Amino acid sequence: MAYLGVNIDHVATVRQARRTYEPDPVLAAGQALLGGAKVITIHLREDRRHIIDRDVRILRETVPSGLNLEMACEAEIVDIACRTIPDQATLVPEKREEVTTEGGLDVIGEEARVRSAVERLHGVGIPVSLFIDPDLPQIEKSAELGVAAIELHTGTYALAKGDEQQRELQRLIEAGRLAVELGLKLHAGHGLNYLNVQPVAAIANMRELNIGHSIIARAIFTGLREAVAEMKQLVDQASTYPALQSP
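Remember, it's a predicted structure, so these values are computed and weren't measured experimentally. (Residues numbered from 1 in each chain as written. Predicted model: local features only at pLDDT ≥ 70, side-chain atom pairs only at ≥ 80, totals over all residues. Heavy atoms only, no water.)

## A word on the overall build of the chain
Tallying secondary structure elements over the chain gives eleven helices and eight strands in all. Here the chain has a C-alpha radius of gyration of 17 Å; the compact-globule value for 247 residues is 18 Å, and the two agree. Long-range pairs, those at least 24 residues apart, make up 67% of the contacts in the chain with a sequence separation of at least 6. Taking the average place of the 26 positive charges on the side chains of the chain and the average place of its 35 negative ones, the gap between the two points comes to 4 Å. (Helix = DSSP H or I, 4+ residues; strand = E, 2+ residues; numbered from the N terminus. Rg over C-alpha atoms; globule rule 2.2 N^0.38 Å. Contact = heavy atoms within 4.5 Å. Lys, Arg positive; Asp, Glu negative; His and termini not counted. Charge placed at Lys NZ, Arg CZ, Asp CG, Glu CD.)

## Things to note about the pairing of strand β6 (residues 149-153)
Within β6, five of the five residues are buried, leaving the element largely enclosed by the surrounding structure. Here β6 shows no split at all, with Ala-149, Glu-151 and His-153 on one side and Ile-150 and Leu-152 on the other all buried. Where the polypeptide runs from strand β5 (residues 128-132) across helix α6 (residues 136-144) and back to β6, its parallel neighbour, the crossover connection is right-handed. One ladder, built from five bridges, connects β6 with strand β7 (residues 185-189); its direction is parallel. Along β7, the bridge assignment pairs His-153 with Gly-189. (Buried < 20%, exposed > 50% of the residue type's maximum accessible area, 1.4 Å probe, protein only. Right-handed = clockwise from strand over helix to strand, strands pointing away. Pairing = 2+ DSSP bridges.)

## Description of the pairing of strand β4 (residues 88-91)
By the alternation rule, side chains of β4 split into Gln-88 and Thr-90 and Ala-89 and Leu-91, which are all buried. As paired strands, strand β3 (residues 67-71) and β4 are joined by four bridges and run parallel to one another. Opposite Asn-68, over in β4, you have Gln-88 as the bridge partner. Following the chain from β3 across helix α4 (residues 75-84) to the adjacent parallel β4, one finds a crossover that is right-handed. As judged from the three bridges shared by β4 and β5, these two strands associate in the parallel manner. Bridging across to β5, Ala-89 finds its partner in Val-128.

## Points about the packing of α6 against helix α8 (residues 162-181)
At their nearest, the axes of α6 and α8 sit 10 Å apart, and the two run at 20° to each other. As the angle between them shows, α6 and α8 are arranged roughly parallel. Considering how the two elements wind past one another, α6 and α8 form a crossing that is right-handed. Of α8, the residues touching α6 (which contributes Leu-136, Ile-139 and Glu-140) are Glu-174, Ala-175, Leu-178 and Ala-179. Here the residues of the contact of α6 with α8 sort into five nonpolar, no polar and two charged. (Axes fitted to C-alpha atoms, helices over the stretch in contact; angles between N-to-C directions. Parallel < 35°, antiparallel > 145°, perpendicular 65-115°, else oblique. Left-handed = near helix turned anticlockwise from the far one by under 90°. Nonpolar A, V, L, I, M, F, W, Y, C, P; charged D, E, K, R; others polar.)

## Comments concerning the nonpolar core
With 73 residues, the main nonpolar core has Leu-91, Leu-121, Leu-130, Val-200 and Leu-209 as its most contacted residues. Excluding its chain neighbours within four sequence positions, the residues that come into contact with Leu-121 are Met-71, Val-78, Ala-81, Cys-82, Ala-89, Leu-91, Ile-126 and Val-128. (Core = buried A, V, L, I, M, F, W, Y, C linked by side-chain atoms within 4.5 Å.)

## Things to note about the UniProt feature "active site" (unreviewed entry) in the chain
Here, UniProt's "active site" (unreviewed entry) annotation points to His-43, Glu-70 and His-190. Spanning 148 residues, the named residues nonetheless gather at one spot, since no C-alpha pair among them exceeds 12.7 Å. The residue Glu-70 is located in strand β3 in this model. Within the secondary structure, His-190 sits in the loop between β7 and α9 (197-201). Residue class for His-190 comes out partly exposed when judged on its relative accessible area of 24%. (UniProt positions renumbered as here; feature names shortened; annotations may be inferred.)

## Some words on the UniProt feature "binding site: 1-deoxy-D-xylulose 5-phosphate" (unreviewed entry) in the chain
In the UniProt entry, the feature "binding site: 1-deoxy-D-xylulose 5-phosphate" (unreviewed entry) is given for Asp-9, His-10, Arg-45, His-50 and Thr-100. Residue classification places Asp-9 among the buried residues on the basis of a relative accessible area of 6%. Apart from the residues lying within four places of it in its own chain, the contact partners of Asp-9 are Thr-41, Ile-42, His-43, His-50 and Ile-51. Note that His-50 resides in the loop between β2 (39-43) and α3 (53-62).

## Here's the deal with the pattern of salt bridges
All chains considered together, the criterion is met by 18 salt bridges. Between Glu-164 and Arg-167 there is a salt bridge whose closest N-O contact spans 2.7 Å. Highlighted residues: Glu-164 and Arg-167, both in helix α8, separated by three residues, approximately one helical turn. Residues Arg-171 and Glu-168 are paired through a salt bridge, measuring 3.1 Å at the closest nitrogen-oxygen approach. Separated by three residues within a single helix, Arg-171 and Glu-168 lie in helix α8, roughly one turn from each other. On the basis of relative accessibility, which here comes to 33%, the residue Arg-171 falls in the partly exposed class. By relative accessible area, which is 8% here, Glu-168 ends up buried. Through salt bridges with shared partners, a single network forms among Arg-15, Asp-24, Arg-54 and Asp-55. (Salt bridge = Lys/Arg side-chain N within 4 Å of Asp/Glu carboxyl O.)

Right, dumping it as C-alpha coordinates:
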(Lines give C-alpha, C1' and ligand atoms only; values in the text may rest on other atoms or scores of the structure.)
Protein backbone atom coordinates (compact mmCIF):
# COMPACT_ATOMS: atom_id res chain seq x y z
CA MET A 1 0.00 0.00 0.00
CA ALA A 2 1.37 3.42 -0.99
CA TYR A 3 1.91 6.18 1.53
CA LEU A 4 0.13 9.46 0.82
CA GLY A 5 2.36 12.51 0.77
CA VAL A 6 0.56 15.85 0.77
CA ASN A 7 2.23 18.82 -0.86
CA ILE A 8 1.19 21.99 0.98
CA ASP A 9 2.92 24.51 -1.30
CA HIS A 10 -0.35 26.01 -2.53
CA VAL A 11 -1.42 26.95 0.97
CA ALA A 12 1.73 29.06 1.05
CA THR A 13 0.90 30.38 -2.45
CA VAL A 14 -2.31 31.90 -1.07
CA ARG A 15 -0.40 33.42 1.85
CA GLN A 16 2.30 34.89 -0.38
CA ALA A 17 -0.31 36.51 -2.62
CA ARG A 18 -0.78 39.00 0.23
CA ARG A 19 2.68 38.59 1.81
CA THR A 20 0.96 38.06 5.12
CA TYR A 21 0.83 35.32 7.77
CA GLU A 22 -2.21 33.33 6.69
CA PRO A 23 -3.08 30.72 5.68
CA ASP A 24 -0.12 29.13 7.45
CA PRO A 25 1.28 26.01 5.76
CA VAL A 26 2.46 24.81 9.16
CA LEU A 27 -1.17 24.56 10.30
CA ALA A 28 -2.04 22.91 6.99
CA ALA A 29 0.57 20.24 7.65
CA GLY A 30 -1.11 19.41 10.97
CA GLN A 31 -4.49 19.04 9.30
CA ALA A 32 -3.00 16.87 6.56
CA LEU A 33 -1.44 14.56 9.13
CA LEU A 34 -4.76 14.31 10.98
CA GLY A 35 -6.37 13.41 7.66
CA GLY A 36 -4.01 10.47 7.25
CA ALA A 37 -1.04 11.83 5.33
CA LYS A 38 2.18 9.94 6.02
CA VAL A 39 4.45 12.51 4.36
CA ILE A 40 4.41 16.31 4.20
CA THR A 41 6.01 17.61 1.01
CA ILE A 42 7.23 21.16 0.45
CA HIS A 43 9.20 22.73 -2.39
CA LEU A 44 11.62 25.49 -1.39
CA ARG A 45 12.13 27.28 -4.69
CA GLU A 46 14.92 29.76 -5.35
CA ASP A 47 12.40 32.57 -5.89
CA ARG A 48 10.50 31.68 -2.67
CA ARG A 49 7.20 32.03 -4.52
CA HIS A 50 5.37 29.93 -1.94
CA ILE A 51 7.32 28.03 0.74
CA ILE A 52 9.84 30.27 2.51
CA ASP A 53 12.78 29.53 4.78
CA ARG A 54 10.73 30.07 7.94
CA ASP A 55 8.30 27.36 6.85
CA VAL A 56 11.09 24.84 6.39
CA ARG A 57 12.52 25.54 9.84
CA ILE A 58 9.19 25.31 11.68
CA LEU A 59 7.96 22.27 9.75
CA ARG A 60 11.18 20.46 10.60
CA GLU A 61 10.40 21.11 14.27
CA THR A 62 6.70 20.18 14.06
CA VAL A 63 6.45 17.32 11.55
CA PRO A 64 7.59 14.31 13.59
CA SER A 65 8.64 12.26 10.56
CA GLY A 66 8.05 12.17 6.85
CA LEU A 67 9.13 15.71 5.90
CA ASN A 68 10.01 15.64 2.19
CA LEU A 69 11.85 18.70 0.88
CA GLU A 70 11.65 19.18 -2.88
CA MET A 71 14.55 21.25 -4.15
CA ALA A 72 16.71 22.15 -7.10
CA CYS A 73 20.40 21.19 -7.22
CA GLU A 74 21.39 24.74 -6.26
CA ALA A 75 24.09 25.34 -3.67
CA GLU A 76 21.99 27.75 -1.57
CA ILE A 77 19.09 25.31 -1.30
CA VAL A 78 21.37 22.34 -0.68
CA ASP A 79 22.96 24.34 2.17
CA ILE A 80 19.53 24.91 3.74
CA ALA A 81 18.67 21.23 3.42
CA CYS A 82 21.95 20.22 5.04
CA ARG A 83 21.21 22.50 8.00
CA THR A 84 17.56 21.49 8.33
CA ILE A 85 17.90 17.71 7.75
CA PRO A 86 14.51 16.77 6.25
CA ASP A 87 13.57 13.11 6.29
CA GLN A 88 13.97 13.07 2.52
CA ALA A 89 15.23 15.44 -0.15
CA THR A 90 13.69 15.15 -3.60
CA LEU A 91 15.77 16.75 -6.33
CA VAL A 92 13.64 18.36 -9.03
CA PRO A 93 14.27 20.56 -12.09
CA GLU A 94 13.39 24.22 -11.64
CA LYS A 95 12.89 27.18 -13.99
CA ARG A 96 12.01 30.61 -12.71
CA GLU A 97 9.57 31.23 -15.58
CA GLU A 98 7.55 28.02 -15.11
CA VAL A 99 4.19 27.97 -13.36
CA THR A 100 4.90 24.52 -11.92
CA THR A 101 7.47 21.81 -12.50
CA GLU A 102 7.21 20.93 -16.19
CA GLY A 103 8.97 17.56 -16.33
CA GLY A 104 11.48 15.27 -14.77
CA LEU A 105 15.08 15.95 -13.84
CA ASP A 106 17.57 15.16 -16.61
CA VAL A 107 19.88 12.99 -14.52
CA ILE A 108 21.92 11.96 -17.56
CA GLY A 109 22.42 15.44 -18.98
CA GLU A 110 23.06 17.05 -15.59
CA GLU A 111 24.88 14.18 -13.95
CA ALA A 112 27.67 16.31 -12.46
CA ARG A 113 25.26 18.76 -10.76
CA VAL A 114 22.98 16.01 -9.55
CA ARG A 115 25.84 13.89 -8.27
CA SER A 116 27.31 16.84 -6.36
CA ALA A 117 23.98 17.58 -4.65
CA VAL A 118 23.38 13.91 -3.86
CA GLU A 119 26.84 13.53 -2.31
CA ARG A 120 26.39 16.61 -0.12
CA LEU A 121 22.96 15.46 1.08
CA HIS A 122 24.19 11.94 1.70
CA GLY A 123 27.10 13.42 3.63
CA VAL A 124 24.74 14.63 6.35
CA GLY A 125 22.57 11.54 6.27
CA ILE A 126 19.63 12.75 4.16
CA PRO A 127 18.04 10.09 1.90
CA VAL A 128 17.60 11.37 -1.66
CA SER A 129 14.87 10.82 -4.22
CA LEU A 130 15.10 12.01 -7.85
CA PHE A 131 12.01 13.33 -9.64
CA ILE A 132 12.31 11.92 -13.15
CA ASP A 133 10.23 11.05 -16.19
CA PRO A 134 9.36 7.34 -16.64
CA ASP A 135 12.37 6.92 -18.91
CA LEU A 136 14.40 3.75 -18.47
CA PRO A 137 17.89 5.25 -19.07
CA GLN A 138 17.13 7.98 -16.51
CA ILE A 139 16.18 5.31 -13.98
CA GLU A 140 19.37 3.38 -14.64
CA LYS A 141 21.47 6.53 -14.17
CA SER A 142 19.59 7.34 -10.95
CA ALA A 143 20.45 3.91 -9.58
CA GLU A 144 24.11 4.49 -10.45
CA LEU A 145 24.10 7.59 -8.26
CA GLY A 146 23.11 5.53 -5.24
CA VAL A 147 19.90 7.37 -4.34
CA ALA A 148 17.26 5.74 -2.19
CA ALA A 149 14.27 6.40 -4.42
CA ILE A 150 12.90 7.86 -7.61
CA GLU A 151 9.65 9.76 -7.99
CA LEU A 152 8.07 9.18 -11.39
CA HIS A 153 6.67 12.30 -13.04
CA THR A 154 3.00 11.50 -13.69
CA GLY A 155 2.09 14.79 -15.37
CA THR A 156 1.96 13.37 -18.89
CA TYR A 157 -0.25 10.51 -17.70
CA ALA A 158 -2.52 12.94 -15.86
CA LEU A 159 -3.06 15.12 -18.93
CA ALA A 160 -3.57 12.25 -21.38
CA LYS A 161 -7.00 10.91 -22.37
CA GLY A 162 -8.37 7.52 -23.37
CA ASP A 163 -5.94 5.12 -25.01
CA GLU A 164 -3.10 7.60 -24.67
CA GLN A 165 -3.54 7.64 -20.91
CA GLN A 166 -3.39 3.85 -20.87
CA ARG A 167 -0.12 3.99 -22.83
CA GLU A 168 1.28 6.48 -20.33
CA LEU A 169 0.17 4.25 -17.47
CA GLN A 170 2.03 1.37 -19.11
CA ARG A 171 5.18 3.52 -19.24
CA LEU A 172 4.84 4.15 -15.52
CA ILE A 173 4.37 0.44 -14.84
CA GLU A 174 7.46 -0.53 -16.82
CA ALA A 175 9.52 2.25 -15.25
CA GLY A 176 8.40 1.20 -11.79
CA ARG A 177 9.33 -2.40 -12.43
CA LEU A 178 12.86 -1.45 -13.50
CA ALA A 179 13.28 0.88 -10.52
CA VAL A 180 12.40 -1.88 -8.08
CA GLU A 181 14.68 -4.35 -9.89
CA LEU A 182 17.52 -1.84 -9.43
CA GLY A 183 16.83 -1.53 -5.70
CA LEU A 184 15.10 1.85 -5.77
CA LYS A 185 12.02 2.78 -3.77
CA LEU A 186 9.18 3.76 -6.07
CA HIS A 187 7.37 7.07 -5.66
CA ALA A 188 5.16 9.04 -8.06
CA GLY A 189 3.51 12.42 -8.33
CA HIS A 190 2.43 15.45 -10.36
CA GLY A 191 -1.06 16.10 -11.71
CA LEU A 192 -2.67 13.26 -9.77
CA ASN A 193 -6.23 13.91 -8.67
CA TYR A 194 -9.35 12.17 -7.36
CA LEU A 195 -10.20 10.76 -10.78
CA ASN A 196 -6.83 9.41 -11.95
CA VAL A 197 -4.94 8.42 -8.80
CA GLN A 198 -6.02 4.82 -8.29
CA PRO A 199 -4.34 3.18 -11.32
CA VAL A 200 -1.04 4.77 -10.27
CA ALA A 201 -1.52 3.85 -6.62
CA ALA A 202 -2.13 0.25 -7.72
CA ILE A 203 1.19 -0.11 -9.56
CA ALA A 204 3.16 -2.93 -8.01
CA ASN A 205 5.56 -1.80 -5.26
CA MET A 206 4.37 1.81 -5.32
CA ARG A 207 5.57 3.20 -1.99
CA GLU A 208 4.68 6.91 -1.95
CA LEU A 209 2.41 9.29 -3.85
CA ASN A 210 2.92 13.03 -3.52
CA ILE A 211 -0.21 15.02 -4.31
CA GLY A 212 -0.89 18.68 -3.67
CA HIS A 213 -2.90 20.86 -6.02
CA SER A 214 -6.00 18.68 -6.29
CA ILE A 215 -6.19 18.18 -2.52
CA ILE A 216 -5.80 21.87 -1.75
CA ALA A 217 -8.33 22.73 -4.46
CA ARG A 218 -10.86 20.30 -2.98
CA ALA A 219 -10.13 21.54 0.52
CA ILE A 220 -11.44 24.97 -0.43
CA PHE A 221 -14.87 23.33 -0.51
CA THR A 222 -14.57 20.41 1.91
CA GLY A 223 -11.88 21.35 4.42
CA LEU A 224 -8.33 20.04 4.31
CA ARG A 225 -8.73 17.17 6.79
CA GLU A 226 -11.64 15.69 4.85
CA ALA A 227 -9.88 16.25 1.54
CA VAL A 228 -6.79 14.37 2.72
CA ALA A 229 -8.89 11.58 4.24
CA GLU A 230 -10.76 11.12 0.96
CA MET A 231 -7.52 10.89 -1.02
CA LYS A 232 -6.00 8.48 1.52
CA GLN A 233 -9.05 6.22 1.22
CA LEU A 234 -8.61 6.04 -2.56
CA VAL A 235 -4.91 5.22 -2.19
CA ASP A 236 -5.64 2.57 0.46
CA GLN A 237 -8.37 0.97 -1.64
CA ALA A 238 -5.95 0.54 -4.52
CA SER A 239 -4.49 -2.42 -2.63
CA THR A 240 -7.60 -4.35 -3.73
CA TYR A 241 -6.65 -3.84 -7.37
CA PRO A 242 -4.66 -6.62 -9.02
CA ALA A 243 -1.00 -5.46 -9.06
CA LEU A 244 -0.39 -3.78 -12.41
CA GLN A 245 2.54 -5.36 -14.21
CA SER A 246 3.92 -5.25 -17.70
CA PRO A 247 2.45 -7.91 -20.00
